[in-house]
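Coordinates in review
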Amino acid sequence: MLTIENCTFEFKCPKTWQSLQPIAGIEGARSCEVCHRLVHRCLTDDELRARVALGDCVAIERADEGSVPRMLVGDVRPDWR
């Protein structure tokens, strides 16, 4: 479960997780046809930290107070920790 709330996106992709193409054989990764990169869904803080350290695009679920959770997709700033 993600508990990190203060990460900052350097780039927020206009695509949604649902609109990205699933990759056969790679669970939790999808392909973005706009930037031609893999996007990795992060479900835990450790997964997020590892993907950010590798410079990967990520998808994380976020809910602003009182709103429905949504998936944010993009690059998290490497200095957010």
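A brief structural summary. (Residues numbered from 1 in each chain as written. Predicted model: local features only at pLDDT ≥ 70, side-chain atom pairs only at ≥ 80, totals over all residues. Heavy atoms only, no water.)

This part is about the pairing of strand S6 (residues 70-76). Taking burial as the measure, the seven residues of S6 include six buried ones, the bulk of the element. Here strand S1 (residues 9-12) runs beside S6; their pairing, made up of three bridges, is antiparallel. Within S6, the residue paired with Phe9 across the bridge is Val76. Looking at chain direction, strand S5 (residues 57-62) and S6 are connected through five bridges and run antiparallel. Along S6, the bridge assignment pairs Arg62 with Arg70. (Buried < 20%, exposed > 50% of the residue type's maximum accessible area, 1.4 Å probe, protein only. Helix = DSSP H or I, 4+ residues; strand = E, 2+ residues; numbered from the N terminus. Pairing = 2+ DSSP bridges.)

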